[in-house]
Amino acid sequence: MNRSLIIIPVLMAVFGAQAIFAQAVPADADIPASIRNNRYFVESVRLTILAQQTFDEGDYLASIQFSEEAMRFAALSDEFVYLQLRMWETDNAIAAARQRLTYATAADAASRYPQEFGVAQTAYGQALTYRAAAEWDDAIDSALQVLAALANISGLPPHPAMVFLPSQHTVRLWIDTGDSLWNIAGQPWAFNDPWQWRRLYEANLDRMPDPGNPDLIHPGMILNIPSIRGETRQGMWDAAVVYPALP
């Protein structure tokens, strides 16, 4: 058989995998690395490398198989990124609605503006229901209805800009704050779950005083707080900022 008849489709498969690998996740700084470098993307990279290696070794059948698998995982990565970004957008909208309702409750809007407050409460409940059903657009629309219903209530501060969760935290004295990986992970603005302390540990191994001892952190250390659910994080934690809780 003509060797070129074999190599041409193999090359097409390998180049196709490489092209999809290059475009699988946009180089967008607004997309957290934890989303860009998801498990599907990592696997597509591994398979693309194997496709090239087996092609160079002359094992064209294996190269085609690796290429096809690489393209399949790249497509799964695209789907994962889209889903995570939609979840992030939805959760931020719901967090803004929740914060607005909290302000309204503090301003006694339930008795002063019962109709508007009732509409807002109903819309917020619908937003949560839609979120649980993965109906992202409807959840966002309902969250925006909360903001619209409470827009003209007097006694409320102006609608706050969307607040991102912090990406870093400076360790404070334990005797004053109880700062530890366990307690920091449990903060609503961190992971809202102390059992996620290992995420902090693994994200900061290169700056731990003793990498083998997760209990040892020093005041003044700056800890990175990685994204774990597709949420956008930026900036240093500020005690004066009211952050939405990680859902």
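What you are looking at is a predicted structure, and each value in this text was computed from that prediction instead of being measured.

Participant: I keep staring at the packing of helix α4 (residues 60-106) against helix α6 (residues 114-132) and nothing clicks. Help me out?
Facilitator: Angle between the axes and distance between the axes: these two values describe a pair of packed helices. One way to put it is that α4 packs onto α6 with a least axis distance of 11 Å and a crossing angle of 155 degrees. Between α4 and α6, the interaxial angle falls into the category roughly antiparallel. The hand of the α4/α6 crossing is left-handed. Of the residues in α6, those in contact with Met-87, Thr-90, Asp-91, Ile-94, Ala-97, Arg-98, Leu-101, Ala-104 and Thr-105 of α4 are Phe-117, Ala-120, Gln-121, Tyr-124, Ala-127, Leu-128 and Arg-131. Class assignment for the residues of the contact of α4 with α6 results in 10 nonpolar, 3 polar and 3 charged.

Participant: I tried to follow helix α3 (residues 39-56) on my own but got confused; where do I start?
Facilitator: Compared with the 26 Å implied by 1.5 Å per residue over 18 residues, the 26 Å span of α3 between its first and last C-alpha is a close match. Two to three positions downstream of the cap, the backbone nitrogen of Tyr-40 sits 3.0 Å from a side-chain oxygen, assigning the N-cap of α3 to Asn-38. Once α3 finishes, Gly-58 follows within two positions and takes phi at roughly 90 degrees, a positive value.

Participant: I would appreciate a short explanation of the packing of aromatic side chains in the present structure.
Facilitator: How two aromatic rings sit relative to each other is given by the distance of their centres and the angle of their planes. For the structure shown, the criterion picks out 5 aromatic pairs. Note that Arg-72 overlies the ring of Phe-73, its terminal NZ or CZ placed 4.7 Å from the centroid.

Participant: Mind showing me how you'd approach the packing of α3 against α4 here?
Facilitator: Across the interface, α3 lies against α4 with an axial gap of 8 Å and an inter-helix angle of 160 degrees. Between α3 and α4, the crossing angle belongs to the class labelled roughly antiparallel. Crossing hand, α3 versus α4: left-handed. Residues Arg-39, Tyr-40, Phe-41, Glu-43, Ser-44, Leu-47, Thr-48, Leu-50, Ala-51, Thr-54 and Phe-55 of α3 pack against Tyr-60, Ala-62, Ser-63, Phe-66, Ser-67, Glu-69, Ala-70, Phe-73, Ala-74, Leu-76, Ser-77 and Phe-80 of α4. Split by residue class, the contact of α3 with α4 holds 14 nonpolar, 6 polar and 3 charged.

Participant: Can you walk me through the confidence of the model for the chain in this structure?
Facilitator: Do not read the predicted coordinates in detail wherever pLDDT is low. Confidence along the chain averages 80 in pLDDT terms, with 81% of residues attaining 70 or more. Confidence, expressed as mean pLDDT per element, reaches its minimum in the chain at helix α1 (residues 3-23) with 46 and its maximum at α6 with 93. Low pLDDT (under 50) marks residues 17-30, which in the prediction has 25 contacts with non-local residues, meaning those over four places away or in another chain. A low-confidence stretch, residues 158-162 stays under pLDDT 50, and its non-local contacts, those more than four residues away or across chains, total 10 contacts.

Participant: Which parts of the structure should I look at to understand α6?
Facilitator: It helps to recall that an α-helix has 3.6 residues per turn; residues three or four apart then point in one direction. Between the first and last C-alpha of α6 there are 27 Å, a value that for 19 residues agrees with the 27 Å anticipated at 1.5 Å per step. Those residues of α6 hidden inside the fold are in contact with α4, α5 (109-112) and α7 (136-149). Phi turns positive, to about 60 degrees, at Ala-134, one or two residues after α6.

Participant: Teacher, can you tell me more about the side chain of Ser-142 here?
Facilitator: As for its position among the elements, Ser-142 is in helix α7. Contact partners of Ser-142, with chain neighbours within four places excluded, come to Ala-123, Gln-126, Ala-127 and Tyr-130.

Participant: It is not clear to me how a nonpolar patch on the surface should be interpreted in this structure. Could you clarify?
Facilitator: Together, Leu-173, Trp-174 and Ile-175 give the surface a local cluster of nonpolar side chains, amounting to about 390 Å² of exposed area. Since its relative accessible area comes to 71%, Ile-175 is described here as exposed.

What counts, and where the lines are drawn
- Residues numbered from 1 in each chain as written.
- Predicted model: local features only at pLDDT ≥ 70, side-chain atom pairs only at ≥ 80, totals over all residues.
- Heavy atoms only, no water.
- Axes fitted to C-alpha atoms, helices over the stretch in contact; angles between N-to-C directions.
- Helix = DSSP H or I, 4+ residues; strand = E, 2+ residues; numbered from the N terminus.
- Parallel < 35°, antiparallel > 145°, perpendicular 65-115°, else oblique.
- Left-handed = near helix turned anticlockwise from the far one by under 90°.
- Contact = heavy atoms within 4.5 Å.
- Nonpolar A, V, L, I, M, F, W, Y, C, P; charged D, E, K, R; others polar.
- Expected span 1.5 Å × (residues − 1).
- Polar contact = N/O pair within 3.5 Å; in protein donor to acceptor, adjacent residues only side chain to side chain.
- Phe/Tyr/Trp six-rings, centres within 6.5 Å; stacked < 30°, edge-to-face > 60°.
- Lys NZ or Arg CZ within 6 Å of the ring centre and 35° of its normal.
- pLDDT = per-residue confidence, 0-100.
- Patch = residues over 30% accessible without salt bridge, like charges linked within 9 Å, V, L, I, M, F, W, Y side chains within 5 Å.
- Areas by Shrake-Rupley, 256 points an atom, 1.4 Å probe, with all protein chains shown as cover.
- Salt bridge = Lys/Arg side-chain N within 4 Å of Asp/Glu carboxyl O.
- Buried < 20%, exposed > 50% of the residue type's maximum accessible area, 1.4 Å probe, protein only.

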